[in-house]
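Report on the structure
One-letter residues, chain by chain:
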Amino acid sequence: MTVNFRDLTAGMAFIVIGVAFGLNAWLTLRLGTAHSMGPGYFPVLLGLVLVGLGGAIAYSAVGKPQEAFGMVAWRGITLVTVGIVFFAVTVRGLGMAPSLAIASFLAARASGRLSLLGSLLLAIGLSAFCVVLFIYALRLPYPVIGNWLRF
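Described in the following lines is the structure provided in the data block. Just so we're clear, the structure is a prediction, and the values are computed from it rather than from any experiment.

Glancing now at the overall build of the protein. Helix and strand counts for the protein come out as 5 helices and 0 strands. Radius of gyration (C-alpha) of the protein: 20 Å, far over the 15 Å computed for a compact globule of 151 residues. If you line up the protein on its principal axes, its C-alpha atoms span 65 × 45 × 20 Å. When each of the 151 residues of the protein is scored for burial, the buried share is 26%. The long-range share in the protein, meaning contacts at least 24 apart out of those at least 6 apart in sequence, stands at 62%.

Take helix α3 (residues 74-94) next. An α-helical turn contains 3.6 residues, so any two residues separated by three or four positions project in the same direction. At Ala88, α3 is deflected by roughly 35 degrees, the largest bend along its length. Among all positions of α3, only Gly76, Gly83, Thr90, Val91, Gly93 and Leu94 are buried. In the core, the buried residues of α3 are packed alongside α4 (96-108). Taken from the residues just after α3, Gly95 is the one with a positive phi, measuring 105 degrees.

Position of Asp7 relative to the elements: it lies in helix α1 (residues 5-28). Using a relative accessible area of 17% as the deciding quantity, one classes Asp7 as buried. At a separation of 3.0 Å, a polar atom in the side chain of Asp7 contacts the side chain of Lys64. Non-local contacts of Asp7, meaning those with residues more than four positions away in its chain, are made with Ile57, Ala58, Ala61 and Lys64.

Moving on, we get to the nonpolar core. Most often, soluble globular proteins have nonpolar side chains that are buried together. Counting residues in each nonpolar core, the largest one holds 7 residues, listed as Val91, Met96, Ala97, Leu100, Cys130, Val131 and Ile135. Elements supplying a minimum of two residues to this core: α4 and α5 (116-137). In this view, Leu100 contacts Phe87, Leu126, Ser127 and Cys130; residues no more than four positions away in its chain are not counted.

Scanning all chains against the criterion turns up 1 salt bridge. Residue Asp7 pairs with Lys64 through a salt bridge whose shortest N-O separation is 3.0 Å. Here the residue Asp7 occupies a position in helix α1, and Lys64 occupies one in the loop between α2 (41-61) and α3, the gap between them amounting to 57 residues.

Moving on, we come to a nonpolar patch on the surface. On the surface, Phe14, Phe21, Phe42, Leu46, Val49 and Leu53 cluster together into a nonpolar patch covering about 540 Å² of accessible area. Secondary structure elements with two or more residues in the nonpolar patch: α1 and α2. For the nonpolar patch, the element with the highest residue contribution is α2, accounting for 4 residues. Examined against the element boundaries, Phe21 turns out to sit in helix α1. We classify Phe21 as partly exposed; its relative accessible area is 39%.

It is worth spelling out the environment of Pro141 at this point. Note that Pro141 resides in the segment after α5. Distance in space between the C-alpha atoms of Pro141 and Ala56 is 38 Å, their sequence separation being 85 residues.

Here Leu116 is to be found in helix α5. When its relative accessible area of 54% is taken as the criterion, Leu116 is described as exposed. As for Leu116 and Phe105, which are separated by 11 residues in sequence, their C-alpha atoms are 9.0 Å apart. Look past the residues within four positions of Leu116 in its chain and what remains in contact with it is Phe105 and Arg109.

Conventions we followed
- Residues numbered from 1 in each chain as written.
- Predicted model: local features only at pLDDT ≥ 70, side-chain atom pairs only at ≥ 80, totals over all residues.
- Heavy atoms only, no water.
- Helix = DSSP H or I, 4+ residues; strand = E, 2+ residues; numbered from the N terminus.
- Rg over C-alpha atoms; globule rule 2.2 N^0.38 Å.
- Buried < 20%, exposed > 50% of the residue type's maximum accessible area, 1.4 Å probe, protein only.
- Contact = heavy atoms within 4.5 Å.
- Bend = angle between axes of the 7 residues up to and from the residue.
- Polar contact = N/O pair within 3.5 Å; in protein donor to acceptor, adjacent residues only side chain to side chain.
- Core = buried A, V, L, I, M, F, W, Y, C linked by side-chain atoms within 4.5 Å.
- Salt bridge = Lys/Arg side-chain N within 4 Å of Asp/Glu carboxyl O.
- Patch = residues over 30% accessible without salt bridge, like charges linked within 9 Å, V, L, I, M, F, W, Y side chains within 5 Å.
- Areas by Shrake-Rupley, 256 points an atom, 1.4 Å probe, with all protein chains shown as cover.

Structure below.
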């Protein structure tokens, strides 16, 4: 019997993350009901979805021929990780718009497929969309421009 260990590993990773995420929410947050959802309801459902997807991916790995893992995309891993950490550290100080623009620009540069102008336009468009959605429509308490940029 052949097993594609790359897909099996990915499926198992989804299962482990889903179980950990769902169990943490189950044990630490109030679930509520489908009619009156508590703060733990959606994380538990998301954990179950991750476990289901992981199971499907792991099941599909059985009977597939083995594939090599290939080269690791260090540029992509590094730029996406730096973008996420940058956003998390600076969103309150810089504000939503500049922090998200820089983070999404870094993520757009990760693959090398977008030009510099394309990455810039994507960052501006994504930032504008997220400011409208999260700050004005959903009324999240983040400043558009933070204290670090106010004179």
